[in-house]
Structures are given as C-alpha cells and as structure tokens.
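Results of the structural survey
Chain residues, written in single-letter form:
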Amino acid sequence: MGCYDCCMRCLGGVPYCSLIATLLCFSGIALFCGCGHQALTETERLIETYFARNLQDYITLAYIIQYFQYVIYGLASFFFLYCIVLLAEGFYTTSVAKQTFGEFRSTMCGRCLSSSFIVMTYVLAVLWLLVFAFSALPVYFFYNMDATCHTIDVLTETPASINQLCVDARQYGLLPWNAVPGKACGVTLSNVCKTREYQMTYDLYIAAFAGAGITLLALLTYTVSTTYNFAILRHLGRKGISARC
C-alpha cells in the first residue's frame, strides 16, 4: 500500500461534520463566555455610575451578575470537555461506518453510547435555545437605549422635549422601583450613550449573542452528525457486523 492510499484511508476516517461542529462550538462558547463575562462587568459599572447612587439599590443586581459570571466559568469548562468527547465519538463512529481500521466493528455498547449522545445533545440544544433567547434581552435593552439617544441627538434644537425622553432601568427589572434616580433622561442620557463604556458594553453583548447563536448551530450540527452515525451503526448491526460488549 502506497503512502497516498494510506493517507486517503486516514482522511476517510476523519469525521468532518463533527470536526466542523467542534470548531464552531469552541469559537461560539469562547465568544459567548468571554464577551458575556466582560459585558456583565461593564453593565454593573454603568448602573453604578449613571442609574443608582445608593449601593443598596443595585446590590442585588451585583450578586446576580457575580452568579452569572460563575455560571459562565462552568459553561466554558463543560462545553470544552463535552465537545472533545463528541469529537472522539465522531471519530469512533466514522471509523466503524467506513470500516477503515480492519476488524474494528460496531458493538452493542457503541450503539448505546451513540444513542445516549444523541439524546444528551438534543436536550442541550433545546436548553441552549433558551440561553440564546435570553442573551437577546440585553441586546434589546441597549438597542432601545441607543435608539432613544439617536432621537435625542435629532431633537437637540428643542431641549424642552428631549428631557421627556428617558431610559428607565427599573422598567427592565435591573433596579428596584425605589432606586434613585433609576433612569437617565435628555442630555444626560445622550452623554451616557457617547461614553466608551456604553459603546463597548453594547458591542460585547452583540458579540455574546452571536456566540450563543454559533454554539446553537454547533449543537444542531452535532445532533445531525450523531443521528446519522447512529443510523449507520444500526445498519451495520442488522447486517451482522456487530459483537456483544
């Protein structure tokens, strides 16, 4: 067997679909966790500086932000390990399906393991869909804030009317209703939108939202690839190319 044939056999055993899904998952989780963590920190700073004067008004929000940051650490670790396991499972099932490595064949344990990964990945995809929807909420808040600031900039010639344009953090549940001032209006709000902290936080939330979408795409790709590989394993098992574990 020549070198070319050997390389083709090795490349034939590469699970390209799982490999692409792994790269997507790594990049999506890195984007979501990294940008989301920093965006939460910047959000706390913005609330503290412009929307709340008393520590007691945003102490609950600070605890929630800290809790979500710890959750982000756990998500990053879990998805890193889970993607590695799924990639390894992809190598196993692809090698079995294509019968690349001699007598390496489908087993009952292999099919059970593949079916377990299908269920787990499907459940994760459904749960991550909720995370994806939840990550759109801060983008929506900052989008409304940016639109209000744009309106204020357009109406700068009539200062009496722009003072009625406000963004109230209490309406979004970020602060209690007795928080002072709890909102920013008019020129003050326009100045907030022009700060570097605001622009960076907005961009970070958009990047985190995009990362959540990429991760969801990766999980759906994993679901398709694992389902296909499991179907191949069942087909091989029906042909008698299997052994009890």
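Provided above is the structure to which this section pertains.
Below, the structure is looked at part by part. Position numbers for residues count from 1 along each chain, tracking the sequence in the order it is written. In view of the model being predicted, local features appear only for residues whose pLDDT reaches at least 70, and side-chain atom pairs are presented and counted only at 80 or more, with totals across whole chains, interfaces and linings using the full set of residues. Think of the side-chain values as coming from all heavy atoms in the structure, minus any hydrogens and water.

1. Re the layout of surface pockets
The computed volume of the largest pocket comes to approximately 810 Å³. If you list the elements that add at least two residues to the lining of the largest pocket, you get helix H2 (16-51), helix H3 (55-98), helix H4 (108-134), helix H5 (136-154) and helix H8 (196-238). Each helix is a run of H or I in the DSSP string that is no shorter than four residues. Each strand is a run of E no shorter than two, and both are numbered from the N terminus. Of the residues forming the lining of the largest pocket, the biggest block, 10 residues, is contributed by H3. Taken together, the residues of the lining of the largest pocket sort by class into 22 nonpolar, five polar and one charged. A cavity here means a set of 1 Å grid points, computed over protein atoms only, where a 1.4 Å probe fits but cannot escape. A pocket is an open set with protein on both sides within 12 Å along at least 5 of 7 lines, and lining residues have an atom within 4 Å of a point. Grid points are joined across faces, edges and corners, and a volume is the space filled by probe spheres set on the points. Amino acids outside the nonpolar list (Ala, Val, Leu, Ile, Met, Phe, Trp, Tyr, Cys, Pro) and the charged list (Asp, Glu, Lys, Arg) are all regarded as polar, and Gly is one of them.

2. Digging into empty space enclosed by the protein
Taken as a whole, this structure holds one cavity of 30 Å³ or more when the rule is applied. The computed volume of the largest cavity comes to approximately 60 Å³. The wall of the largest cavity is formed by Thr 43, Leu 46, Ile 47, Phe 51, Phe 141, Phe 142, Met 145, Leu 174 and Tyr 198. Elements represented by at least two residues in the lining of the largest cavity include exactly H2 and H5. With four residues, H2 is the single largest residue contributor to the lining of the largest cavity.

3. Digging into the state of the cysteines
Only a pair of cysteine sulfur atoms within 2.5 Å qualifies as a disulfide here. What the rule picks out here adds up to two disulfides. Each sulfur in the disulfide pair Cys 149 and Cys 193 lies 1.8 Å from the other. Residues Cys 149 and Cys 193 share a disulfide whose torsion about the S-S bond is about 50 degrees; that sign makes it right-handed. One end of the pair, Cys 149, is in helix H5; the other, Cys 193, is in helix H7 (residues 186-193), and 44 residues separate them in sequence. On the basis of relative accessible area, Cys 149 is assigned to the buried category, the value being 3%. Disulfide pairing places Cys 166 opposite Cys 185 at an S-S distance of 1.9 Å. Exposure classes here rest on a 1.4 Å probe applied to the protein chains alone. A residue is buried below 20% of its type maximum, exposed above 50%, and partly exposed in between.

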